[in-house]
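Understanding the architecture of this molecule
This is what each chain is made of:
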Amino acid sequence: MARFVENPLNFVDIPDSDDEIEVQNSATMESDDRRLETRSFWKAGAFEIGPTKWDPSQGELEHARVHPKFLHSNATSHKWAFGAIAELLDNAVDELLTLLHVGLSLYDVVVVDTVYQINNGATFVKVDRIYCKRDNSPALLFLDDGGGMDPEGIRKCMSLGYSTKKTNNTIGQYGNGFKTSTMRLGADVIVFSCASRNGRATRSIGLLSYTFLRKTGQDDVIVPMIDFDASKHWAEPIVYTSLDDWSANLKTILEWSPFASKDDLMQQFEDIGSHGTKIIIYNLWLNDEGIYELNCDEDDEDMKLRDEAARLSKVSKKAAETQTHISYRILHSLRAYASILYLRKFKKFKIILRGKVVEQYSIADDLKHREVVTYRPQAATMKEAGVETTLGFIKEAPALGVTGFNVYHKNRLIRPYWKVTGDGNSKGYGIVGVLEANFIEPAHDKQDFERSSLFSRLEMKLKQMQMEYWKHHCHLIGHRPDPGLVRKMQKASTMPLHAEGERVNQTSAGIAANPRLDYSGSQVGSHGRTIYDNDTPTIRQAPPGFETGFDQEVEYGDGSRDIDQICDENIQLFMRCEEYMQKENELKTTVEDLEKQVAETKRKCAELYSRLELLRRQKATR
């Protein structure tokens, strides 16, 4: 946990005025030794740890310390910068989620004065690039109008592993996102927060500086902080120990932050208002070529990952056309990534990127031939609830081979365009799915899920969904229909199929607009659709015709079965085997419990028998 000390460097000389502080800081800021030896994030943790001072002060208990190097190693959980930015956006969204406690809808929030007094839910978060006044270096700005943090709240925010988010609806839960995300984007961050609690208005400033900790040789994470009481018309320092300690913290902040005077610090509160939080990340990391990771010069309304954009610029013309799809643009465009970051659209909340509102994009709404599939995971917390997955072809299919499932957790995108089938398999190209999987836990960086049995079963189910959807819909985009399905339809219906090459009207295929399939055994659907009964598909009625295409059928033996049919059967057999293994484990557990009960019963019987024998002997001796 970060250590908040009132006099972190044991300063003795306290400047008499802000002007004196500014003069001292200007000279220090201009010196080269203020910056780290390397500005590349992946190399910033490569330094030797010096001698550590373990002598506790009188009356102080020994405690485990957090070395500054941990700040860097902890931030390596973010493999890319956009994941770190998403963490900071989540904090503002979680402010909105607090409105659920007063019974208001998350996506139709009516912000009234009474609600604001209780929750102060954020209505916007701004993300922009700014320039530090001191040395004109670029910095990242995050500003929201949420409830803000009081002095206690900002200290919890700066601590490691401390989270005040207790509800099941909030995205954050580990109390680590702020530290990992800010340290992933830059070496230093300063936080300004305005809050009003119990009739008291406060202004708080906190500095988490990797540069300061490194350059001053600290062996513990020290976070200088100062607070002001703004309940009156002026801001008064909130002093916890002594004014000298408060001034020492102020001096440290001014020396190692982009602001040279106390007036510059106080000016930062003006655009926050009565409540909200401003985060400024500076000394931004560079890539291996010595250029800033984030490119803000190419597009005035976007931020782009420089290395990824450079890689995409070298691809062929045909590949470049493919990479205009959003599944590729999210890899290098923050605006594209933020547009699909949240599953449901907000009505009273905005993400403002570089002065322009990010338009939320619904992946499911842009699919054609959509279908909803219900999956009931075998989770203890979700015995009755079903997870709905929307599947469909992208509008560019079959020209583009984009495929994959977009898996959300508590409305937040975790895995975009997750390919559950191998790259060498063309079956399923163009199929995209969207689902919200709250029954599995995301990893700490919220870019993947924890590997568990539930996750493995979900992966197999999604693969099965994709194969089944392809089997019944591939003809709608010009592919040859599944041969096995055609043969089953020929047996189930006396209606002859059209000859190969004859084109039919796709709208006459008898396919409902949004049929619903259920993989749990319940029979729901519509006329002419596949209805699942205990994971076994049965055909009720065949569509009257198909459109032939360019997929070639590969047959084995007498031609009665093809590779795709065998693969589908193997998938179903594997899933049945997994279910049997699970049942076997459950039976083994039951047997073990019964054996323990039998052993306990035998022990009690033996004890009773011994007592009876003792009573008989006592009676016989009388």
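As a starting point, this report considers the structure included with it. Within each chain, residue numbers correspond to sequence positions counted from 1 in written order. Only residues with pLDDT of 70 or above have their local features reported here, since the model is predicted, and side-chain atom pairs are shown and tallied only from 80 upward, although totals for entire chains, interfaces and linings are computed over all residues. The side-chain quantities take in all heavy atoms of the structure and omit both hydrogens and water.

**A look at the pattern of salt bridges**
Think of a salt bridge as a Lys or Arg side-chain nitrogen and an Asp or Glu carboxyl oxygen that are within 4 Å of each other. By the definition in use, this model includes 22 salt bridges. Notably, a salt bridge pairs Arg354 with Asp128, separated by 3.7 Å at the nearest N-O pair. Of this pair, Arg354 sits in the loop between β10 (350-353) and β11 (356-357) while Asp128 sits in strand β1 (residues 124-131), and the two are 226 residues apart along the sequence. Throughout, exposure labels follow a simple rule: accessible area from a 1.4 Å probe, protein chains only, divided by the maximum for the residue type, with under 20% read as buried, over 50% as exposed, and the rest as partly exposed. Residue Arg354 is classed as buried on the basis of its relative accessible area, which comes to 14%. Judged by its relative accessible area of 26%, Asp128 is partly exposed. A salt bridge links Lys304 to Glu298; the nearest nitrogen and oxygen atoms lie 3.4 Å apart. On the accessibility criterion, Glu298 (52% relative accessible area) is exposed. Note on conventions: DSSP H or I runs of at least 4 residues are helices, E runs of at least 2 residues are strands, and numbering of each starts at the N terminus.

**Some details on the pairing of strand β7 (residues 276-284)**
Extensive coverage of β7 is indicated by the burial of 9 of its 9 residues. Sheet topology note: the strand β2 (residues 138-144)/β7 ladder contains 5 bridges and is antiparallel. Looking at the pairing, Phe142 lines up with Ile279 of β7. As paired elements, strand β3 (residues 186-197) and β7 share 8 bridges and run antiparallel to each other. Along β7, the bridge assignment pairs Ser193 with Thr277. We call two strands paired when DSSP finds no fewer than two bridges between them.

**Remarks on the sheet that holds strand β4 (residues 200-209)**
Ordered by their spatial adjacency, 9 strands build an open sheet running β6-β5-β4-β3-β7-β2-β1-β10-β11, and the pairing between neighbours is mixed. The open sheet has two edge strands with one neighbour each: β6 (236-237) and β11. The pairing of β4 with strand β5 (residues 225-229) spans 5 bridges and is classified as antiparallel. Within the sheet, the bridge partner assigned to Ser204 lies in β5 and is Asp227. In what follows, residue pairs with any heavy atoms lying within 4.5 Å of each other are defined as contacts. For every element, the axis is a line fit to its C-alpha atoms; helices are fit only across the contacting stretch, and the angle between N-to-C directions ranges from 0 to 180 degrees. Against the sheet, helix α5 (residues 151-158) touches β3, β4 and β5, its axis set at about 20° to β4. Docked against the sheet, helix α8 (residues 243-256) engages β3, β4, β5, β6 and β7, running at close to 115° with respect to β5.

**Description of the packing of aromatic side chains**
Two rings belonging to Phe, Tyr or Trp (six-membered ring only in the last case) form a pair when the distance between their centres is within 6.5 Å. Interplanar angles under 30 degrees mark stacking, angles over 60 mark edge-to-face geometry, and anything in between is tilted. All told, the structure shown has 15 aromatic pairs when counted by the stated rule. Between Phe346 and Phe349, the ring centres sit 5.4 Å apart and the planes meet at 75°, which makes this aromatic pair edge-to-face. Looking at Phe349, the relative accessible area reads 5%, which means it is buried. Taken together, a centroid distance of 5.2 Å and an interplanar angle of 15° make the contact between Trp418 and Phe455 stacked.

**Notes on the environment of Ala75**
You can see Ala75 is positioned in helix α2 (residues 69-75). Take Ala75: its relative accessible area is 0%, and that puts it in the buried class. Considering only alpha carbons, one finds Ala75 and Leu185, 110 residues apart in sequence, at a separation of 9.0 Å. If we skip the residues at most four places from it in the chain, Ala75 touches Phe41, Thr180, Met183 and Arg184.

Purely spatial values, then, with no claim about function.
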